Amino acid sequence: MKKRYIITASVLAVILAFVLIGAIIRHSTKYVTKEITKQSITQYVEASGTIKPINTITVGTQVSGTVQKIYVDFNSVVKKGDLLAELDPSLFQANVEQAEAKLRNAKASYQKASSTLAYKKNNYQRYKHLYEKNYVSKDDVELAQANYLQAKAEVDATKAEVSAASATLDNNKTNLRYSKIVSPVDGTVISRAVDVGQTVAASFNTPTLFEVAKDLTKMQIETSVSEADIGKIKVGQTAQYTLDGYQDRIFEGKVTQVRLASTTTNNVVTYTVIISVDNDEGLVIPGMSANVSIITNEVKDVLCVDNKALKFTPSDNTKKYEKQGIWILTKTGPKRYDVELGASDDNKTQIISKEIKEKDRVIISESGKKNKKSAVPRRPM
């Protein structure tokens, strides 16, 4: 019996010694902590794009000729109907005059044929009347009828010639009108591709002479977003962008369109996202490169912890946990709390928990030791 008591006492002494040693170690371990605070977190999708006018009209010519006059230059402000340029009109004017002469000749032929028709119609009627009284033969009546029908056909033919000549005249007048290049909209000339004396040829493709931006106070950025991020982009989201020409300023715009058509370059799939921007100050110029940050999520005044805290585990802890948690330094030592993760950025992450409060001290590492990783972990499944 006495021997059994001695053994039991020895075991209890060993256990007590381990407990005391563990307590001493725990109390002697120093931790690096940070205070839990309420902050704001903004999540972005980064992209790059090019500034473009919302509506650019390409102005060309439907007729061929030599440029005789140019009335506008780059950056010229124009109104709808303003003359931009003029082709040499001499050939078109000559064609109009020739067509007018042909039309007059066709009308004269029509008048002559109409007069002949009237005469032969009356003659045919007279012969029919005489035949009824047996004053002329049937052959005479049939001959008069044939002459009448022939005159009627000639009237129809000359009438068709008048229509054809009139159509030709209208076509030549249209070509003469096309020799004057006018602006189809109010806007600003952003491109001029011709000079005086240059010959332009209108064949299957209309040559581009000018580009007119309809309204430079409203611009857009065409950005390329990867397929990994396109699901986060929604119409109406705010986008911030910077321009190389104004590195000290941040501009804002709105996502107005997410195009469904994809582009694949070197096995990388991207989608075009359109961002509308205001240009009332006139600072934004077409063709500028823009670095865009599209705000996909934004939370304000929420509990946040340093991302390192999400990977911290005390060195003497070997237990595995199914849920995400953080370690809070309490009066009795480190204590683990399960948390849900919200928005995050490169430095901090929102935590959701009813047990944790603002100004609690979250452990991010042990003094003199480094965690293996400090990145934000994936949410536990």
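Residues numbered from 1 in each chain as written. Predicted model: local features only at pLDDT ≥ 70, side-chain atom pairs only at ≥ 80, totals over all residues. Heavy atoms only, no water.

Section: the side chain of Ser 353
Examined against the element boundaries, Ser 353 turns out to sit in the loop between strand E19 (348-352) and strand E20 (361-366). A distance of 3.2 Å separates the side chain of Ser 353 from the backbone nitrogen of Glu 355, its partner in a polar contact. Ser 353 has contacts with Asp 338 and Val 339, leaving out every residue within four places of it along the chain. (Helix = DSSP H or I, 4+ residues; strand = E, 2+ residues; numbered from the N terminus. Polar contact = N/O pair within 3.5 Å; in protein donor to acceptor, adjacent residues only side chain to side chain. Contact = heavy atoms within 4.5 Å.)

Digging into the packing of helix H2 (residues 90-132) against helix H3 (residues 138-178)
Relative to each other, H2 and H3 sit at 165°, their axes nearing to 7 Å. The orientation of H2 with respect to H3, classified from their angle, is roughly antiparallel. As for how H2 packs across H3, the hand of that crossing is left-handed. Across the contact of H2 with H3, the residue classes break down as 20 nonpolar, 13 polar and 13 charged. (Axes fitted to C-alpha atoms, helices over the stretch in contact; angles between N-to-C directions. Parallel < 35°, antiparallel > 145°, perpendicular 65-115°, else oblique. Left-handed = near helix turned anticlockwise from the far one by under 90°. Nonpolar A, V, L, I, M, F, W, Y, C, P; charged D, E, K, R; others polar.)

With respect to the pattern of salt bridges
Per the stated rule, a full pass over the model turns up 10 salt bridges. Asp 195 serves as the salt-bridge partner of Arg 192, at 2.8 Å between the closest nitrogen and oxygen. A salt bridge links Asp 338 to Arg 336; its shortest N-O distance comes to 2.7 Å. We classify Asp 338 as partly exposed; its relative accessible area is 41%. One network of salt bridges, with partners in common, ties together Asp 73, Arg 192 and Asp 195. (Salt bridge = Lys/Arg side-chain N within 4 Å of Asp/Glu carboxyl O. Buried < 20%, exposed > 50% of the residue type's maximum accessible area, 1.4 Å probe, protein only.)

Overview of the pairing of strand E16 (residues 325-330)
It is a general feature of regular strands that their side chains alternate between the two faces of the sheet. Relative to strand E17 (residues 333-338), E16 is paired through 6 bridges, and the arrangement is antiparallel. Among the inter-strand pairings, Ile 326 is bridged to a residue of E17, identified as Tyr 337. (Pairing = 2+ DSSP bridges.)

Remarks on the sheet that holds strand E6 (residues 83-87)
An order of E7-E6-E4-E9 is seen for the 4 strands of this open sheet, with the pairing classed as antiparallel. In this open sheet, the two strands that pair with only one neighbour each are strand E7 (180-182) and strand E9 (199-200). The pairing of strand E4 (residues 65-70) with E9 spans 2 bridges and is antiparallel. Of the residues in E9, the one forming a bridge with Thr 66 is Thr 199.

Section: the packing of aromatic side chains
Enumeration according to the criterion identifies 5 aromatic pairs in this entry. Aromatic side chains Tyr 246 and Phe 251 sit 6.1 Å apart centroid to centroid with 75° between the ring planes, which places their arrangement in the edge-to-face category. Take Tyr 246: its relative accessible area is 23%, and that puts it in the partly exposed class. Positioned above the aromatic ring of Tyr 321 is the side chain of Arg 336, whose terminal nitrogen or guanidinium carbon lies 3.8 Å from the ring centre. (Phe/Tyr/Trp six-rings, centres within 6.5 Å; stacked < 30°, edge-to-face > 60°. Lys NZ or Arg CZ within 6 Å of the ring centre and 35° of its normal.)

Quick word on H2
Here H2 contains 43 residues, and its C-alpha end-to-end distance of 63 Å stays within 8% of the 63 Å for a straight helix at 1.5 Å per residue. Among the residues of H2, those classed as buried are Phe 92, Val 96, Ala 99, Leu 103, Ala 106, Ala 113, Leu 117, Asn 123 and Tyr 124. On the buried face of H2, the contacting elements are H3. Looking at the residues trailing H2, positive phi occurs at Asn 134, about 65°. (Expected span 1.5 Å × (residues − 1).)

Points about the environment of Val 362
Here Val 362 is to be found in strand E20. Between the C-alpha atom of Val 362 and that of Leu 329, which follows or precedes it by 33 residues, the distance is 6.2 Å. Residue contacts for Val 362: discarding those within four places in its chain leaves Val 32, Thr 33, Lys 34, Ile 36, Val 305, Ala 309, Ile 326, Trp 327 and Ile 328.

A look at H3
Across its 41 residues, H3 extends 60 Å between first and last C-alpha, which sits within 8% of the 60 Å expected from 1.5 Å per residue. Among the structural elements, H2 and E7 are those in contact with the buried residues of H3.

Quick look at unusual backbone geometry
Even without a glycine there, the phi angle at Asn 75 is positive, about 70°. Mapped onto the elements, Asn 75 comes out in the loop between E4 and strand E5 (77-78). The exposure class of Asn 75 is exposed, given its relative accessible area of 61%. You will see that Asn 134, though not glycine, has its phi angle at about 65°, which is positive. For Asn 134, the location among the structural elements is in the loop between H2 and H3. What makes Asn 134 exposed here is its relative accessible area of 67%.

Some remarks on the environment of Ala 113
Take Ala 113: it is sitting in helix H2. Among the residues examined, Ala 113 registers a relative accessible area of 6% and is labelled buried. Spatially, the C-alpha atom of Ala 113 lies 7.9 Å from that of Lys 152, the residues being 39 residues apart in sequence. Beyond its immediate stretch of four places on either side in the chain, Ala 113 contacts Ala 151, Glu 154, Val 155 and Thr 158.

Bear in mind that shape data such as this cannot, by itself, settle questions of function.
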